[in-house]
Amino acid sequence: MQLSRRTLLAASGATAVGAALAPTAGAAQAAAPEQAAGTAPDTRPIADQDFDGLLLRAETLITGGGFDPSDPDYAAALAALDSAAKELWDTLDRSAGRTALWADLSPVTDPGNFGQSYTRLRTLATAWATPGASLAGDAATADALLGALRFTYDTAYHPQAGESGNWWFWEIGAPRALMDCCVLLRGLLSGGDLTDYLGVVDRFCPDADRRTNSPTLSETGANRTDKAVIVALRGLLGRDGDKLASARDALSDVRDSGRNSLFRYTSSGDGFYEDGSFVQHDVVAYTGSYGTVLLGGAAWLISLLADSPWAVADPKVSVMYEAVERSFAPVVFDGLMMDAVRGRAVSRERAGDHRDGAAAVAAILLLASGAPASYADRWRQLAKGWLTRNRTTPFAALATLPQLALAKAVLNDRDIRTGARTTGSFVLADMDRVVHRRPGWAFALSLSSKRISAYEAGNGENLHGWYTGDGMTYLYVGDGLGQFNDGFWPTVDPYRLPGTTVDTRRREDLGTGAGTSTYRPSNTVAGGAVLDSRYTVAAMEVIGAPGSTLRARKSWFLLDNAVVSLGAGITASDGRAVETIVENRGLGARGRNRLLVDGVPQPVEQGRADEFGRARWAHLDGVGGYVFPEGAPLHALREERTGTWRAIDTGADTSGSTDPVTRRYLTLRLDHGISPTDDGYAYVLLPGASAAATAVWSHSRPVRIVANDAAAQAVEDRRAGLTAVHFWGAGSAAGITSSGPASVLVRRRGAQVSVAVADPGRTQTSVTVELPFRVRSVAQSDATVRVTPGRRTVVTVEAGGSRGHTHRTELVQ
């Protein structure tokens, strides 16, 4: 079984790892946020038992330690390990004249091939070291592993080799798997072999701070965490306390004044942001991939070193703790990781949203084993909710043994409450993402700008990601969690992603060469404002990629039970048709979900395309309703699409299968014609609504569109007392006047008035908003807001330097 380099598996089970990590609880106080900065490190003399105990703990973190193989959860995980190991064992070339360990990884001198060879050897070593596994303790397996490690070192990965190809295999992938193998086989390795293997790690990953092939480049984010773990394992195996201290200190970046510390909020580049964003590769929204790796690696290292002379005692570790609820909880839906924050990982067949979600849950539970109770108790409730609600791809089905104990302890503890779904509205401005969550559904927006890339591609991955950052919408509704992990990415029409406005030109594959690359459009506006953690207005100006003259101004209004989508100024001059995709819903392999248009059932045969000249509303069973307040020329298409994972991912360590995948889709779209001028659209999504409720909503119009042009887009939700506007420049709409571009929300409840303002384009030093009523006083206000009462209340926001974040004030009429 071959897994992506960025895939972390997770699972649920009983007590082995928990027992091994029990000392970690003692570290909770050392790392608690209330601890004074500068606490002196443990000064106990270092003894052999320190290294031996931590090596045993490392082995437990890799294998899961002792457990009851008759436990059904463990039995399933053990069977998965056995199956993977047997396949690798049966195909391992053990001949004397071999040139590779596996035929599909030849020649072994290729970095991707030796990197993956080490990963496979780790799987075999784990099976050999895991009690109850069919290869456990097998002498022939041990001999083969020792020979394979020596062969790979002699042939490909040794200190005299020069880096070529993808640096990651040399500096992270291969050394991490090699060190894990050495931990598991340490009782059998000769002194000479161990010295060689530690030497190759010293050559390619001598410390966590620097990129070996580019020494002036500091490592950041997930890469830094990965290297810290490697250096720690190398220190343990070589009984080198300085290496262990170096690994621990890399988390805080003590050598560089904390500039690249994982325990700090950043305001640019890689890392965690205070608004909940996580960025890697400088400009990519990556909470669900690199962010999960960072969290998992940090949790692993903190647990490994707990209550030792090298325990992590930096009080700023609280940044990592806060990230669980600030960065991860908003983008995990019933145990799935939202694809809007997984970057190019969406193209990986073996790393779907369910696996990255499971990895995040596992990392959070591991971190909870040593965190202060004030954090850990809340996390376990969250995790219990995620674990119990995901019946589509259960956590246990993704099980590897090391995380079983922590998850099962949570599931079996009656004192731990099952956490409800996260609700609220989140504008993650520093990574151009918006997430809106209600009790029965969640909605995510993937935006982009000159600050955050529209996509990342490279190393053969994400070949068709052209429009994933152009306002793609992700709807998670009800209990059906298979929308984006049931063959969606290899089969969906990549030119018709839901929520996007695109022209119809054919595009070349992305990222076919070595290395990764990103594309950032030239627009400034991407983001919005949030009010009361409940309502959001978001906007993005679409500027077509080179080769397209398309321009569009798009806004989304995220309300209690509806998402209002408005488009204006849609213009192009390329002689191609332009479309807005209302929906492109995967229906599975045999889906026949009923579609109603204005109450009339539509045929369900595949390949059927229909046009409705002035549709008022539509309803798709299992999804919800779609309302077109002004009537719209709606196109509906049912089609069966076939694709392969290989067509979107040819990466050396992630390449997808060539097996055809067929899925059914229902597409709803609005056509703007060829080379449109100043066209627009308006539609409302009612997630989870019944057909009857959709018809009533269409008739009663509880939300009114009051502006939709290139100057402003605005709605009024009368029942909520809410007015929301995105201004594209100075102007007036819905009775509100703005001095310049801004997102504005105003909610009136009796005498109480709540106001939220943001400058998602980040072009204004200040924004002045006039409200069409008088107020008597200011109940509460951000320091950046100044209120001038009068016949028309004036709210002035000092927006300069706020990076598109929301400014708030509470007024009394």
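Cut-off values and rules
Residues numbered from 1 in each chain as written. Predicted model: local features only at pLDDT ≥ 70, side-chain atom pairs only at ≥ 80, totals over all residues. Heavy atoms only, no water. Helix = DSSP H or I, 4+ residues; strand = E, 2+ residues; numbered from the N terminus. Rg over C-alpha atoms; globule rule 2.2 N^0.38 Å. Buried < 20%, exposed > 50% of the residue type's maximum accessible area, 1.4 Å probe, protein only. Contact = heavy atoms within 4.5 Å. Areas by Shrake-Rupley, 256 points an atom, 1.4 Å probe, with all protein chains shown as cover. Lys, Arg positive; Asp, Glu negative; His and termini not counted. Charge placed at Lys NZ, Arg CZ, Asp CG, Glu CD. pLDDT = per-residue confidence, 0-100. Phe/Tyr/Trp six-rings, centres within 6.5 Å; stacked < 30°, edge-to-face > 60°. Expected span 1.5 Å × (residues − 1). Bend = angle between axes of the 7 residues up to and from the residue. Polar contact = N/O pair within 3.5 Å; in protein donor to acceptor, adjacent residues only side chain to side chain. Pairing = 2+ DSSP bridges. Axes fitted to C-alpha atoms, helices over the stretch in contact; angles between N-to-C directions. Salt bridge = Lys/Arg side-chain N within 4 Å of Asp/Glu carboxyl O. Core = buried A, V, L, I, M, F, W, Y, C linked by side-chain atoms within 4.5 Å.

1. Here we look at the overall build of the chain
- From N to C terminus, the chain includes 17 helices and 37 strands.
- Its C-alpha atoms give the chain a radius of gyration of 27 Å, near enough to 28 Å, the size a compact globule of 813 residues would have.
- Here the C-alpha coordinates of the chain stretch approximately 80 × 60 × 50 Å along the principal axes.
- Across the 813 residues of the chain, 63% fall into the buried class.
- Sequence separation of 24 or more characterises 70% of the internal contacts of the chain that already satisfy a separation of 6 or more.
- Roughly 27700 Å² of accessible area belongs to the chain as shown, and the carbon and sulfur atoms make up 49% of that amount.
- Each charge sign in the chain was given a centre, from 83 positive and 88 negative side chains, and these centres are 6 Å apart.

2. Describing the confidence of the model for the chain
- Scored by pLDDT, the chain has a mean of 92; 94% of the residues are at 70 or more.
- Long-range and interchain partners of residues 1–16, a stretch whose pLDDT sits below 50, account for 86 contacts in this model, where long-range means more than four residues apart.
- pLDDT under 50 marks residues 22–40. Its contacts with residues more than four places away, or in other chains, come to 33 contacts.

3. Brief notes about the packing of aromatic side chains
- Under the criterion given, the structure shown has 25 aromatic pairs.
- Pairing Phe-272 with Phe-278 gives two aromatic rings, centres 4.9 Å apart and planes at 55°, and the pair type is tilted.
- Relative accessible area serves as the criterion here: at 1%, Phe-272 is assigned to the buried category.
- Owing to a relative accessible area of 0%, Phe-278 belongs among the buried residues under this scheme.
- Relative to Tyr-665, the ring of Phe-488 lies with its centre 6.2 Å away and its plane at 55°, an arrangement referred to as tilted. With Phe-488 in helix 16 (residues 488–491) and Tyr-665 in strand 24 (residues 661–674), this residue pair connects regions lying 177 residues apart in the sequence. For the pair Phe-488 and Tyr-665, a shared accessibility class is recorded, and that class is buried.

4. Brief notes about helix 7 (residues 167–184)
- Look at helix 7: 26 Å from first C-alpha to last across 18 residues, which is about the 26 Å you get at 1.5 Å a residue.
- At Ala-174, helix 7 is deflected by roughly 30°, the largest bend along its length, and proline Pro-175 occurs up to four residues later in sequence.
- Between the side-chain oxygen at the start of helix 7 and the backbone nitrogen of Trp-168 there is a gap of 2.9 Å, and the oxygen is on Asn-166.

5. Observations regarding the sheet that holds strand 27 (residues 712–717)
- Reading across the sheet, the seven strands line up as 26-27-28-31-32-37-34 and stay open at both edges, with antiparallel pairing between neighbours. Every other strand in the sheet has two partners, leaving strand 26 (703–708) and strand 34 (777–781) as the edge strands with one partner each. Taking each pair of neighbouring strands and ignoring which way they run, the sheet shows an average axis angle of 15°.
- In this sheet, strand 32 (residues 752–758) lies alongside strand 31 (residues 742–749) in antiparallel orientation, the contact comprising seven bridges. Residue pairing across strands places Arg-748 opposite Val-753, the latter belonging to strand 32.

6. Here we look at the pattern of salt bridges
- Applying the stated rule across the entire model yields 50 salt bridges.
- The partner of Arg-224 in a salt bridge is Asp-209, and the shortest N-O contact between them spans 2.7 Å. Of this pair, Arg-224 sits in helix 9 (residues 221–237) while Asp-209 is found in the loop between helix 8 (191–204) and strand 1 (210–211), placing the two residues 15 residues apart along the sequence.
- Judged by relative accessible area, which is 1%, Arg-224 ranks as buried.
- A salt bridge links Asp-560 to Arg-438; the nearest nitrogen and oxygen atoms lie 3.7 Å apart. Separated by 122 residues along the polypeptide, Asp-560 in the loop between strand 17 (551–558) and strand 18 (563–571) and Arg-438 in strand 9 (residues 433–438) bring together distant segments of the chain.
- Because the salt bridges share partners, they merge into one network encompassing Arg-150, Asp-154, Asp-193 and Asp-196.

7. Section: the environment of Asp-196
- With respect to the helices and strands, Asp-196 occurs in helix 8.
- On the basis of relative accessibility, which here comes to 23%, the residue Asp-196 falls in the partly exposed class.
- The spatial distance from the C-alpha of Asp-196 to the C-alpha of Asp-154 is 9.7 Å, given a sequence separation of 42 residues.

8. Section: the nonpolar core
- With 172 residues, the main nonpolar core has Leu-178, Met-179, Leu-304 and Met-320 as its most contacted residues.
- When residues of this core are assigned to their parent elements, the largest contribution, 13 residues, is made by helix 7.
- In contact with Met-179, other than residues within four places in its own chain, are Tyr-197, Leu-198, Val-201, Ile-230, Leu-233, Arg-234 and Leu-237.
- Trp-441, Trp-556, Val-563 and Val-597 belong to the second-largest nonpolar core, a separate cluster that totals 39 residues.

9. So, the side chain of Asp-334
- Structurally, Asp-334 can be placed in the loop between strand 6 (332–333) and strand 7 (336–337).
- Its relative accessible area of 1% is what places Asp-334 among the buried residues.
- Not counting residues up to four positions away in its chain, the partners in contact with Asp-334 are Trp-386, Arg-389, Asn-390, Arg-421 and Leu-481.

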